[in-house]
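Examining the three-dimensional arrangement
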Amino acid sequence: MSTLALSAHKLYGPQGAGALYVREGVEISPLIVGGGQERGLRSGTENVAAIAGFGAAARLAAGELEERARRERDLRDRILAGVSRMEGIRVNGHPHERLPNNVHLTVEGVEAEGLVLFLDALGYAIGSGAACSSGGHKASPVLLAMGLGEREAFSSVRISVGKDNTPEEVDGFLEAFRQAVGRLRELSPLQAG
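Described below are features of the structure shown in this document.

Cut-offs applied
Residues numbered from 1 in each chain as written. Predicted model: local features only at pLDDT ≥ 70, side-chain atom pairs only at ≥ 80, totals over all residues. Heavy atoms only, no water. Core = buried A, V, L, I, M, F, W, Y, C linked by side-chain atoms within 4.5 Å. Buried < 20%, exposed > 50% of the residue type's maximum accessible area, 1.4 Å probe, protein only. Helix = DSSP H or I, 4+ residues; strand = E, 2+ residues; numbered from the N terminus. Contact = heavy atoms within 4.5 Å. Pairing = 2+ DSSP bridges. Axes fitted to C-alpha atoms, helices over the stretch in contact; angles between N-to-C directions.

Membership of the largest hydrophobic core comes to 26 residues, with the highest contact counts inside it found for Leu105, Val107, Leu115 and Phe177. Counting only elements with at least two residues in this core, the list comes to helix H1 (48-84), strand E4 (102-107), helix H2 (112-121), strand E5 (156-160) and helix H5 (167-187). Sorting elements by how many residues they give to this core places H5 first, with eight residues. Discounting chain neighbours no more than four positions away, the residues touching leucine 105 are Val83, Ile89, Arg90, Val91, Asn92, Ser155, Ser156, Val157, Ile159 and Phe177.

In structure tokens:
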């Protein structure tokens, strides 16, 4: 590993704060030139409050790591059990060696964007594609490299749980997910073949 980028909001810290680890001996160039701060790699004034918030969030997360992972794994497995009873749903990735808070699915006969919008209207937020690549309508290169076809990649969604989610919320989500998938399959031209 040469570099590692971290975002504070991924561990319940403030938005807009992050850290970059650069292995000794690795040369990087600044994106914005001027000022000379941070050995000439980053110009401008640091957001000290956000940096302190990131540090506090990291300390809390480290102290709760095992408990958070166990709770999130239980919720993730509850989602996996629920979708396993549905037709035309495939889990992407390794069946066991996976993040404790994440489920990635291909939903046959449904376009992911439609499913995202439908579930949003029902009060549930899921994702399709990587947040860093939103805005373009291209199949995920990661999903393609995993062996999914382009149509399957466009029918894939990401579901994440967090430290504050409950089993009851997951059950409500699964019911909304069943409704959304059923309704969208009725309407989808993908079902025609």
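There's plenty left to go through after this.
Once that is clear, we can look at unusual backbone geometry. Phi is positive for tyrosine 12, which is not a glycine, with a value near 70°. Relative to the helices and strands, tyrosine 12 resides in the loop between strand E1 (3-7) and strand E2 (18-22). Among the residues examined, tyrosine 12 registers a relative accessible area of 43% and is labelled partly exposed.

Glancing now at the sheet that holds strand E3 (residues 89-91). Taken in spatial order, the three strands line up as E3-E4-E5 in an open sheet, and their pairing is antiparallel. On the outer flanks of this sheet lie E3 and E5, each paired with one strand and no other. The average angle at which neighbouring strand axes cross in this sheet is 30°, direction not considered. Pairing geometry for E3 and E4, over three bridges, is antiparallel. Paired with arginine 90 across the bridge in E4 is threonine 106. Here H1 sits on the sheet and contacts E3, E4 and E5; the angle it forms with E4, its principal contact strand, is near 20°.

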